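Letter by letter, the chains look like this.
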Amino acid sequence: MAYVYKSSSNIDKKVLEVFFDLGMSVDKIQERNIPNNLSSYRLLYIGDESFSNPWKVPFGKIPTIVSNYYYGDIWGLTDDDGMSKLASNSPLKINEDG
């Protein structure tokens, strides 16, 4: 999978840990170095950062997980009202197989 980031200091280590625990290999790709061809990746992860050129982030070219609420309108996820943050008093979980 490809993890797109702007600043290495903002890479979410807990997210990486989850992907590694699932046995996934992760290539970290800085925003300014995104390749034109992503066909070698099965999944794209976009973290919660303010990107310099969000329209150049290849959202939706391959299956994509978005943890970013800044660009929902640019990527066609929401209207101009934007996206809200999700809050929880316990760690969020993914329910697989059911």
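The sections below set out a description of the structure shown in this document. (Residues numbered from 1 in each chain as written. Predicted model: local features only at pLDDT ≥ 70, side-chain atom pairs only at ≥ 80, totals over all residues. Heavy atoms only, no water.)

**Digging into the environment of Y71**
Working step 1: By the secondary structure assignment, Y71 is in the segment after β4 (64-66).
Working step 2: The spatial distance from the C-alpha of Y71 to the C-alpha of D48 is 9.8 Å, given a sequence separation of 23 residues.
Working step 3: Every residue in contact with Y71, bar those within four places of it in the chain, is listed here: E49, S50, F51 and P54.
Working step 4: A polar side-chain atom of Y71 sits 2.8 Å from the main-chain amide nitrogen of F51. (Helix = DSSP H or I, 4+ residues; strand = E, 2+ residues; numbered from the N terminus. Contact = heavy atoms within 4.5 Å. Polar contact = N/O pair within 3.5 Å; in protein donor to acceptor, adjacent residues only side chain to side chain.)

**Details of the side chain of N68**
Working step 1: If you trace the backbone, N68 turns up in the segment after β4.
Working step 2: What makes N68 buried here is its relative accessible area of 1%.
Working step 3: A polar side-chain atom of N68 sits 3.0 Å from the main-chain carbonyl oxygen of G47.
Working step 4: A polar atom in the side chain of N68 sits 2.7 Å from the backbone oxygen of E49. (Buried < 20%, exposed > 50% of the residue type's maximum accessible area, 1.4 Å probe, protein only.)

**Some words on the nonpolar core**
Inside soluble globular proteins, nonpolar side chains tend to come together where they are buried.
Working step 1: Core analysis: the biggest nonpolar cluster contains 13 residues, and V4, Y41, L44, I46, F51, V57 and W75 have the highest contact counts within it.
Working step 2: Only β1 (2-5) and β3 (44-46) provide two or more residues apiece to this core.
Working step 3: Not counting residues up to four positions away in its chain, the partners in contact with V4 are I29, E31, I34, L44, Y45, I46, G47, F51 and V57. (Core = buried A, V, L, I, M, F, W, Y, C linked by side-chain atoms within 4.5 Å.)

**Some points on the packing of aromatic side chains**
Working step 1: Scanning the entire structure with this criterion turns up six aromatic pairs.
Working step 2: Centroid distance F19 to Y45: 5.6 Å. Interplanar angle 70 degrees. Geometry classified as edge-to-face. With F19 in helix α1 (residues 13-21) and Y45 in strand β3, this pair connects stretches of sequence that are 26 residues apart.
Working step 3: By relative accessible area, which is 5% here, Y45 ends up buried.
Working step 4: Between F51 and Y71, the aromatic rings sit 6.3 Å apart at their centres with planes inclined by 40 degrees, giving tilted as the arrangement. Taken as a pair, F51 in the loop between β3 and β4 and Y71 in the segment after β4 lie far apart in primary sequence, 20 residues in all.
Working step 5: A relative accessible area of 9% places Y71 in the buried class.
Working step 6: One aromatic cluster is present, formed by F51, F59, Y70, Y71 and W75 through successive ring pairs. (Phe/Tyr/Trp six-rings, centres within 6.5 Å; stacked < 30°, edge-to-face > 60°.)

**Examining the layout of surface pockets**
Working step 1: Reported here for the second largest pocket is a volume of approximately 270 Å³.
Working step 2: Taken together, 14 residues line the second largest pocket, and the ones lying closest to its centre are E31, R32, I34, K56 and P58.
Working step 3: The residue inventory of the lining of the second largest pocket, partitioned by class, reads five nonpolar, four polar and five charged. (1 Å grid on protein atoms, 1.4 Å probe; cavity = no way out; pocket = protein on both sides within 12 Å on 5 of 7 lines; lining within 4 Å. Points joined across faces, edges and corners; volume = space filled by probe spheres on them. Nonpolar A, V, L, I, M, F, W, Y, C, P; charged D, E, K, R; others polar.)

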